[in-house]
Amino acid sequence: PGFMAPRSAAVTAVGVTAAITVLGAADIPAAGAALRWLVQGSRHRGVTVSPTAISSWGKGTSAAFAGVQLSALDPLLHPSDRLRYRTATGNPGRPVAGTQTALQRFRHTPALFWPELSLRFALPRCHQQYLRAALSCVLLVTGARASLSQAADLLGAVTSKYRTSRFLQLLAADPHWPHIFTGITRVADYLDTHHAPIDYERRRGLCYEDLLPEKAWTHLCRHTGTLAGTRKAAVARSVLFERISCLPASRAPFAIDDDAFRASLASFPAYLTPQLAAGLQDAAQTFLHRHRLGDEPVSWHPPLTVLSGLELPGPDLGRLKITDVHQGVRQGQMTLQETADQFGTTIGAVRYLLAEHPAPRDLRADGQISAATRMALPRHELVELYVNQRLSLRE
């Protein structure tokens, strides 16, 4: 009774019927779908409909009903707001500001999204490094109050709000978007509920001038048969810098701003060998110990199982035979792009596979016998065979 009373029994009937339909839904997404016609009708009549505006639609209502309201808005929202309010999940909600959870996720989010996971989100003709930077920003706004601009600044400004927004729109336009959305929220949930062993915020602030000193690089080259050189050293250090800091290699203090250097960085995985990779891993661990971070692994990523069961646009690395990739790169002398084309995958996937599983050196290559022999034989056996028995290195 009173001024809020419906004007007629028909209006009351419509309201009660709509309410029963919503309350009788099986879950929050179904309830949101049942309420959506009313939200869309309000928007058509000029009523402001947004997550902020609808917060005043009812006092003292439950968190579940707030989730229904947000779910009803889902198709009307920008992709970043859909992630912020998690409207496509089974439990939408309003982000809570200033929580320990948000701080924890920031500290454990790299500026460049983990390559192991980002490859599953890869879109055609999208540069992988730009996508990785955008995904990290998107991860910070999922279920949080931070804007895309704030997220980009927090992660070292390796990308911008506009570039991230553009990539997010491309992801949202992809047919796999519902699974992409689910994958991103799963990664966010994992960071919020599990221990991550790397503090990326601390690593972003380290000084990397002493990474892989000249003496260590020379020693590594001599014992792995790698051609030494100032430029080659700068490339190796920059690659190692990106692996440790998860900042772009172009941000390394050793990086050179020219096309030739960028090309060398891009092709570095093709020249990496198991011995050189092991040496660089040791150098990275030595660097972390020197900076009192020896309790952290050099690199880490959330388990790939967080994306299990999802249909995502990127390649499934499990379907590629690494031995075939090795053969193409070493014996076929193909470029990384040619190798990717041959196996029907992306160049980003080939680079990652070769970085994680370097191709063994072709011992028939000139100048590699000596290094291979040193790696295969203990010193006393090498001296006995080469010096005393006068066998050739090939023998």
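Here, residues in each chain are numbered from 1, in the same order as that chain's written sequence. At least 70 in pLDDT is required for a residue's local features to be given in this predicted model, at least 80 for side-chain atom pairs to be given and counted, and no such filter applies to totals for whole chains, interfaces and linings, which use all residues. To get the side-chain values, take all heavy atoms of the structure and skip hydrogens and water.

1. Section: the environment of A30
Part 1: Under the scheme used here, helices are H or I runs from DSSP no shorter than 4 residues and strands are E runs no shorter than 2 residues, and both carry numbers assigned from the N terminus. Along the polypeptide, A30 turns up in helix 2 (residues 28-44).
Part 2: For the pair formed by A30 and Y352, sequence separation is 322 residues and the distance between their alpha carbons is 41 Å.

2. So, the packing of helix 7 (residues 128-141) against helix 9 (residues 161-173)
Part 1: Contact pair helix 7 / helix 9: the axes reach a minimum separation of 9 Å and the direction vectors enclose 90 degrees. In terms of orientation, helix 7 lies roughly perpendicular with respect to helix 9. Residues Y130, L131, A134, L135, C137 and V138 of helix 7 pack against R163, T164, F167, L168 and L171 of helix 9.
Part 2: Taken together, the residues of the contact of helix 7 with helix 9 break down into 9 nonpolar, 1 polar and 1 charged. Only the stretch in contact is used when a helix axis is fitted, and all axes are lines through C-alpha atoms; the angle between N-to-C directions ranges over 0 to 180 degrees. Put simply, angles under 35 degrees are roughly parallel, angles over 145 are roughly antiparallel, angles from 65 to 115 are roughly perpendicular, and the rest are oblique. When checking whether two residues touch, look at their non-hydrogen atoms; a contact exists if any pair is within 4.5 Å. Gly counts as polar in this scheme, as do all residues outside two lists: the nonpolar Ala, Val, Leu, Ile, Met, Phe, Trp, Tyr, Cys and Pro, and the charged Asp, Glu, Lys and Arg.

3. Comments concerning the pattern of salt bridges
Part 1: Here, a salt bridge means any side-chain nitrogen of Lys or Arg that lies within 4 Å of a carboxyl oxygen of Asp or Glu. This structure, assessed with the given rule, holds 15 salt bridges.
Part 2: E356 is the salt-bridge partner of R243, the closest N and O atoms lying 3.2 Å from each other. Placement of the pair is R243 in helix 13 (residues 230-245) and E356 in helix 18 (residues 347-356), with a sequence separation of 113 residues.
Part 3: Each residue is placed in one exposure class: buried if its accessible area under a 1.4 Å probe, protein chains only, is under 20% of its type's maximum, exposed if it is over 50%, and partly exposed if it falls in between. Since its relative accessible area comes to 29%, E356 is described here as partly exposed.
Part 4: One salt-bridge network, in which partners are shared between bridges, spans R107, D199 and E201.

4. Things to note about the confidence of the model for the protein chain
Part 1: Each residue carries a pLDDT score, the predictor's confidence in it, ranging from 0 to 100. Chain-level statistics for the protein chain give a pLDDT mean of 87 and a share of 94% at 70 or above.
Part 2: Mean pLDDT values for the elements of the protein chain range from 62 in helix 19 (residues 369-376) up to 94 in helix 11 (residues 200-204).

5. Observations regarding the side chain of S165
Part 1: Following the sequence through the fold, S165 ends up in helix 9.
Part 2: The buried category is assigned to S165, whose relative accessible area is 15%.
Part 3: S165 has contacts with H78 and L148, leaving out every residue within four places of it along the chain.

6. Some remarks on a nonpolar patch on the surface
Part 1: A cluster of nonpolar residues, V383, Y386, V387 and L393, forms a patch on the protein surface that exposes about 330 Å² of accessible area.
Part 2: Here V387 is to be found in helix 20 (residues 379-388).
Part 3: You can call V387 partly exposed: its relative accessible area is 47%. Patch membership requires over 30% relative accessible area and the absence of a salt bridge. Like charges are linked within 9 Å, and nonpolar side chains (Val, Leu, Ile, Met, Phe, Trp, Tyr) within 5 Å. Working definition of accessibility: Shrake-Rupley area with a 1.4 Å probe, residue cover restricted to the visible protein chains.

7. Description of the nonpolar core
Soluble globular proteins: nonpolar side chains tend toward being buried together.
Part 1: Think of a nonpolar core as a cluster: buried Ala, Val, Leu, Ile, Met, Phe, Trp, Tyr and Cys residues, connected wherever their side-chain atoms sit within 4.5 Å. Counting residues in hydrophobic clusters, the biggest one holds 39 residues, and the most contacted among them are Y208, L211, L212, W217, L240, I244 and L280.
Part 2: Not counting the four nearest positions on each side in its chain, Y208 is found in contact with R203, F241, I244, S245, P253, F254 and F287.
Part 3: Among the nonpolar cores identified, the runner-up in size contains 32 residues, and F181, V187, L191 and L310 belong to it.

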